Amino acid sequence: MAKVRPFDKIVFGSVATLVIGGFFIFMSASLGLLAGAGEGAQFSTIVRSQFILGLLGGTLALFVMSYIPYKVYRRAGPYLFGFACLLCLLVFIPHVGLALKGAHRWIDLRVTTFQPSEVLKVAYVLLLAGLLSAKKMRVRRLIDGLVPFVVVTGIGAALLLAQPDTGTFLVLAAAGFAMFLVSGATVRDMAILAVIAALGMGALALARPYVLDRFVTFLDPGHDPLGSSYQVQQSMIAIGSGQTLGRGFGQSIQKFTYLPEPIGDSIFAVYAEEFGFVGAVALVLAFLVFTLRGLWVAARSPDMFGGLVAVGIVILVMAQSFLNIGSMLGVFPLTGVPLIFISHGGTALFTALASIGILLNISRARRIG
């Protein structure tokens, strides 16, 4: 029996650091829920979901996926993508989908909720990698490269923007763009995509006023401090309060009633308040180590399919994480995306760890030298 090559220890170590550290950050941030009357039951439910589905289930999925040969996803990609699309459609069915704050993003499983857009992101990467690797040098032709890319991405856009989940679509599009670029896209293709993206964002801003408000807030964070700018204002207060070394673990003040979504997209602000500038830099470096090592694994994949899958998974994590951190620092518009491995979301953590398992399997097959 052939000996199984070990997976990349740096990728695994960086992810393990983020997950373990992230769970303690999440536990601290979730204490803010207890500030509200009658929130004890909600606190218990959220923590249980994060621990059982996200941490334990995700860790098991990571190890299982790390032993499944990544090449099986070349044929399975279309079926997985179709299944993920079907799941995304279920969120619009009454008594099946769960609507919160006007968004249809979850399937109600009674004991917990499930967010199918997280599955869609990974399925999109697998399908696109299969399509682009099959075309190889022909990807430079419009019919073999740009057209399939636009069609598959357009399907993802339609499903996510209908929910609406603009932030997740931006993350998916960033991963797809990186994969298309790496596969050999031409300058002509990039220019066409840039025009499509500009027109699409303009149309979205006109159709949905909250998107335009976020751009305005980005350009002028103080224009509506009690409205659209409130979250950014409170985030900056929290981050600034952390100073160099932070207030200390569990000592955040902003997570109690002041900071919206302290366990969601604002969790970085809570972390920075408790661990300061030094802690914030350490967290960013951990994500950077994962990103650079993941791309190193992609460059050493034995085939184009594995390389594109690795690039897609790495960019999914990197884009979402830095979009979240950047929006809390005011250097990106608010997107509402959670911080991977740290924010609340059992489905998100489970799916992210499962995708890391695929990346680790690709690292087992990497070229030596």
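Now for a look at the structure at hand. (Residues numbered from 1 in each chain as written. Predicted model: local features only at pLDDT ≥ 70, side-chain atom pairs only at ≥ 80, totals over all residues. Heavy atoms only, no water.)

1. Considering helix α10 (residues 267–299)
So, step 1. Its 33 residues place the ends of α10 only 33 Å apart at the C-alpha level, less than the 48 Å of an ideal helix rising 1.5 Å per residue.
So, step 2. At G276, α10 is bent by approximately 125 degrees, the largest bend along its length. (Helix = DSSP H or I, 4+ residues; strand = E, 2+ residues; numbered from the N terminus. Expected span 1.5 Å × (residues − 1). Bend = angle between axes of the 7 residues up to and from the residue.)

2. A word on the sheet that holds strand β2 (residues 103–108)
So, step 1. Sheet architecture is open: three strands sit in the order β1-β2-β3, paired in antiparallel fashion. Edge strands, defined here as strands with exactly one partner in the open sheet, are β1 (97–100) and β3 (113–114).
So, step 2. The pairing of β2 with β3 spans two bridges and is classified as antiparallel. Each bridged residue has a counterpart across the sheet, and for I107 the counterpart in β3 is F114. (Pairing = 2+ DSSP bridges.)

3. Digging into the environment of D165
So, step 1. Within the fold, D165 resides in the loop between α5 (146–162) and α6 (166–182).
So, step 2. Among the residues examined, D165 registers a relative accessible area of 5% and is labelled buried.
So, step 3. Residues D165 and D144 lie 21 residues apart in sequence; the distance between their C-alpha atoms is 29 Å.
So, step 4. When residues no more than four places from it in sequence are discounted, the contact partners of D165 are R105, Q115, S117 and L160. (Buried < 20%, exposed > 50% of the residue type's maximum accessible area, 1.4 Å probe, protein only. Contact = heavy atoms within 4.5 Å.)

4. Side note on the packing of α10 against helix α11 (residues 304–329)
So, step 1. Contact pair α10 / α11: the axes reach a minimum separation of 10 Å and the direction vectors enclose 160 degrees. Viewed along their axes, α10 and α11 adopt a mutual orientation that is roughly antiparallel. Between α10 and α11 lies a crossing of left-handed hand. Residue-level inspection shows F268, A269, V284, F287, L288, F290, T291, G294, L295 and A298 of α10 in contact with α11, the latter providing G307, A310, V311, V314, V317, M318, S321, F322, N324, I325, M328 and L329.
So, step 2. Counted by class, the contact of α10 with α11 contains 17 nonpolar, five polar and no charged residues. (Axes fitted to C-alpha atoms, helices over the stretch in contact; angles between N-to-C directions. Parallel < 35°, antiparallel > 145°, perpendicular 65-115°, else oblique. Left-handed = near helix turned anticlockwise from the far one by under 90°. Nonpolar A, V, L, I, M, F, W, Y, C, P; charged D, E, K, R; others polar.)

5. A look at the pairing of β2
Residues in a regular strand point their side chains to alternate faces of the sheet.
So, step 1. The pairing of β1 with β2 spans four bridges and is classified as antiparallel. By the bridge assignment, G97 is partnered in β2 with I107.
So, step 2. As consecutive antiparallel partners, β1 and β2 are separated by two residues, and within that stretch K101 has a phi angle of approximately 55 degrees, a positive value.
So, step 3. Linkage of β2 to β3, two consecutive antiparallel strands, is achieved through a turn of four residues, within which R110 is found at a positive phi near 70 degrees.

6. Details of helix α12 (residues 346–364)
So, step 1. Given a rise of 1.5 Å per residue, 19 residues ought to cover 27 Å, and the 27 Å separating the end C-alpha atoms of α12 matches this to within 8%.
So, step 2. Across the 19 residues of α12, 18 count as buried, placing the element largely inside the fold.

7. As for the packing of aromatic side chains
So, step 1. For the structure shown, the criterion picks out 10 aromatic pairs.
So, step 2. Aromatic rings pair up to connect F249, F268, Y271 and F275 into one cluster.
So, step 3. It is R293 that lies over the ring of W296; its NZ or CZ is 3.8 Å from the centre.
So, step 4. Cation over ring: R364 sits above Y67, and NZ or CZ is 4.2 Å from the ring centre. (Phe/Tyr/Trp six-rings, centres within 6.5 Å; stacked < 30°, edge-to-face > 60°. Lys NZ or Arg CZ within 6 Å of the ring centre and 35° of its normal.)

8. Observations regarding the environment of L339
So, step 1. One can find L339 in the loop between α11 and α12.
So, step 2. Classification of L339 as buried rests on a relative accessible area of 2%.
So, step 3. With 74 residues separating them in the primary sequence, L339 and D265 have C-alpha atoms 6.3 Å apart.
So, step 4. When near neighbours in sequence (up to four residues on either side) are disregarded, L339 contacts I267, F268, L283, F287, S321, N324 and I325.

9. Quick look at the side chain of E273
So, step 1. Looking at the element boundaries, E273 is found in helix α10.
So, step 2. Assessed through its relative accessible area of 0%, E273 is described here as buried.
So, step 3. One polar contact links the side chain of E273 to the main-chain amide nitrogen of Q254, over a distance of 3.4 Å.
So, step 4. In contact with E273, not counting residues within four places along its chain, are A238, S241, G242, G246, R247, S252, I253 and Q254. (Polar contact = N/O pair within 3.5 Å; in protein donor to acceptor, adjacent residues only side chain to side chain.)

The values are spatial; any link to function lies outside them.
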